[in-house]
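Residues per chain are reported as follows:
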Amino acid sequence: MDQFKITVDQTDAHRLEDLTNKRNALQNLILISQNNPLVRNEELYQKFLKDYECTLTGLDRQWDSLREKYGLDASCDLYIDFQTGIVTNVKEKI
């Protein structure tokens, strides 16, 4: 597959960034809750898991929406630069 780059509008980029940040925060909260019995609260832990599932679903839907809106292939992995709104199918080396 050939490399491509497209620029999505800032609203789409911000939605993806918000969901990605939320996913990352919930992953950290889940890890802290799992690995530290002093802060483990089962009710809160279950809420984190439920929110995490909902966030993953929202993130998948947002990517699907972008694929449809911009005519992107559903079979390739996509990466976004949140600062520029550029979406590409090649992961940039940092």
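Refer to the preceding data block for the structure.
Predicted, not measured: the structure shown is a model, and the values here were computed from it.

Trainee: So, the sheet that holds strand β2 (residues 79-81): which residues are in play, and what are the values?
Mentor: The sheet built from three strands is open, its strands ordered β1-β3-β2 with antiparallel pairing. The open sheet has two edge strands with one neighbour each: β1 (5-7) and β2. Going across the sheet, the axis of each strand differs from the next one's by a mean of 25°, ignoring polarity. Relative to strand β3 (residues 86-88), β2 is paired through three bridges, and the arrangement is antiparallel. Residue pairing across strands places Tyr 79 opposite Thr 88, the latter belonging to β3.

Trainee: Tell me about the pattern of salt bridges, residues and numbers included.
Mentor: When their charged atoms lie close together, side chains carrying opposite charge are able to pair. Going through the model one piece at a time under the given rule, you end up with four salt bridges. Two residues, Asp 12 and Arg 15, come together in a salt bridge whose shortest N-O distance is 3.4 Å. Taken together, the residues Asp 12 and Arg 15, both in helix α1 (residues 10-35) and three residues apart, mark about one turn of the helix. Judged by relative accessible area, Asp 12 falls into the buried class, the value being 4%. Take Arg 15: its relative accessible area is 43%, and that puts it in the partly exposed class. Linking Asp 12 and Lys 69 is a salt bridge whose minimum nitrogen-to-oxygen distance equals 2.9 Å. A residue pair is termed long-range when its members are at least 10 positions apart, and Asp 12 in helix α1 and Lys 69 in helix α2 (residues 42-70) qualify at 57 residues. When salt bridges that share partners are traced, they join Asp 9, Asp 12, Arg 15 and Lys 69 into one network.

Trainee: Give a detailed account of α2, specifying residues and quantitative values.
Mentor: Helix length check: α2, at 29 residues, gives a terminal C-alpha distance of 42 Å against a target of 42 Å (1.5 Å per residue), a fit within 8%. For α2, the set of buried residues is Tyr 45, Phe 48, Tyr 52, Thr 55, Leu 59, Gln 62, Trp 63, Leu 66 and Arg 67. Capping of α2 at its N-terminal end is provided by Asn 41; its side-chain oxygen lies 3.0 Å from the backbone amide nitrogen of Glu 43. Among the residues trailing α2, Gly 71 stands out with phi positive, at a value near 65°.

Trainee: Provide a residue-level description of the nonpolar core, including the pertinent values.
Mentor: Among the nonpolar cores identified, the biggest contains eleven residues, and these are Val 8, Ala 13, Leu 16, Leu 59, Trp 63, Leu 66, Leu 72, Cys 76, Leu 78, Ile 80 and Val 87. Elements with a contribution of two residues or more to this core: α1 and α2. Ranked by residues supplied to this core, first place goes to α2 with three residues.

Reading guide: rules and limits
- Residues numbered from 1 in each chain as written.
- Predicted model: local features only at pLDDT ≥ 70, side-chain atom pairs only at ≥ 80, totals over all residues.
- Heavy atoms only, no water.
- Pairing = 2+ DSSP bridges.
- Helix = DSSP H or I, 4+ residues; strand = E, 2+ residues; numbered from the N terminus.
- Axes fitted to C-alpha atoms, helices over the stretch in contact; angles between N-to-C directions.
- Salt bridge = Lys/Arg side-chain N within 4 Å of Asp/Glu carboxyl O.
- Buried < 20%, exposed > 50% of the residue type's maximum accessible area, 1.4 Å probe, protein only.
- Expected span 1.5 Å × (residues − 1).
- Polar contact = N/O pair within 3.5 Å; in protein donor to acceptor, adjacent residues only side chain to side chain.
- Core = buried A, V, L, I, M, F, W, Y, C linked by side-chain atoms within 4.5 Å.

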